[in-house]
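If you want the building blocks of each chain, they are given just below.
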Amino acid sequence: VRHMKSKVLIIALALFLVVWGIGANFTRNGGCFGESDFQHEEAIKAWVDMWNSYDLDMVDQLFINCEKSLTYKSSEKPDLIQGISQVRKHHEEFGFVPGGKATSNKLWVEGVKWKCVAGSNVITGTWFFQKEAEEEVQEGPFTAVYAKSEENGYRIRHMYFANAAY
């Protein structure tokens, strides 16, 4: 009986240490188990840079190249956009061109938060956009979901942004 109690105590202690270690690692990595190499500041900066440069080539660099699992909800369209070709077309409609172009329009983000949910990296915050020669600043919430692929690193799998409702 004493031998059995010692085994149970050792197993309970080991289980506690494993759970405590996973929990500490989980919290330290934004909710991801294990080590996370996702750089959320760099990821969202690249998306902001894409918008400020109007570089259509960056669409292919930032979004997953998939017609089925890539989804995009724009503040400017009523329907969900699906697939890389439609996401690229949507950006072309905004004036994006290969290699980019000079513009005085400006997009920026504030209140950025990052969390890992079910193996995907989720970035949320508020976007702001000001068109050249206009005083009005548009704004609204955004969510970007990044997934990791073996060959291309982290790419946007889903993007959602809306206009703020007042």
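Attention here is on the structure that accompanies the text.

What counts as what
- Residues numbered from 1 in each chain as written.
- Predicted model: local features only at pLDDT ≥ 70, side-chain atom pairs only at ≥ 80, totals over all residues.
- Heavy atoms only, no water.
- Helix = DSSP H or I, 4+ residues; strand = E, 2+ residues; numbered from the N terminus.
- Expected span 1.5 Å × (residues − 1).
- Buried < 20%, exposed > 50% of the residue type's maximum accessible area, 1.4 Å probe, protein only.
- Arc of directions from axis to C-beta.
- Phe/Tyr/Trp six-rings, centres within 6.5 Å; stacked < 30°, edge-to-face > 60°.
- Polar contact = N/O pair within 3.5 Å; in protein donor to acceptor, adjacent residues only side chain to side chain.
- Contact = heavy atoms within 4.5 Å.
- Pairing = 2+ DSSP bridges.

1. Some thoughts on helix H2 (residues 40-53)
Link 1 in the chain: With 14 residues, H2 extends 20 Å from end C-alpha to end C-alpha; this agrees with the ideal 20 Å at 1.5 Å per step.
Link 2 in the chain: When H2 is considered as a whole, its buried residues turn out to be His 40, Ala 43, Ile 44, Trp 47, Val 48, Met 50 and Trp 51. With its buried residues spanning 150 degrees around the axis, H2 presents them on a single face.
Link 3 in the chain: Directly after H2, the chain includes Tyr 54, whose backbone phi takes a positive value near 55 degrees.

2. Some remarks on the packing of aromatic side chains
Link 1 in the chain: In total, this model carries 14 aromatic pairs according to the counting rule given.
Link 2 in the chain: Both rings, one in Phe 38 and one in Tyr 146, keep their centres 5.2 Å apart while their planes meet at 50 degrees; by these two values the pair is tilted. Placement of Phe 38 in the loop between helix H1 (2-28) and H2 and of Tyr 146 in strand E5 (residues 137-149) is noted, with a sequence separation of 108 residues between them.
Link 3 in the chain: Tyr 146 gets classed as buried once you look at its relative accessible area, which sits at 3%.
Link 4 in the chain: Among the aromatic residues, those joined into a ring-pair cluster are Trp 47, Phe 63, Tyr 72, Trp 127, Phe 142 and Phe 161.

3. Focus: the side chain of Thr 71
Link 1 in the chain: Position of Thr 71 among the secondary structure elements: in strand E1 (residues 71-73).
Link 2 in the chain: The class for Thr 71 is buried, based on a relative accessible area of 17%.
Link 3 in the chain: Side chain to side chain, Thr 71 and His 158 meet in a polar contact 2.5 Å long.
Link 4 in the chain: Here Thr 71 is in contact with Leu 80, Ile 81, Gln 82, Arg 157, His 158 and Met 159, once residues within four sequence places are set aside.

4. A few points about the pairing of strand E4 (residues 120-130)
Link 1 in the chain: Of all the 11 residues making up E4, 8 are buried; the element is thus mostly covered by neighbouring parts of the structure.
Link 2 in the chain: Of the pairings in the sheet, the one linking strand E3 (residues 106-117) to E4 comprises 10 bridges and is antiparallel in character. Considered in E4, the bridge of Trp 108 is made with Phe 128.
Link 3 in the chain: Between E3 and E4, which pair antiparallel and follow one another directly, the connecting turn spans 2 residues, one of which, Ala 118, has a positive phi of 50 degrees.
Link 4 in the chain: Note: E4 against E5, 10 bridges, orientation antiparallel. The residue of E5 that forms the bridge with Asn 121 is Tyr 146.
Link 5 in the chain: Between E4 and the antiparallel strand that follows it, E5, lie 6 residues; Ala 133 among them carries a positive phi value of about 65 degrees.

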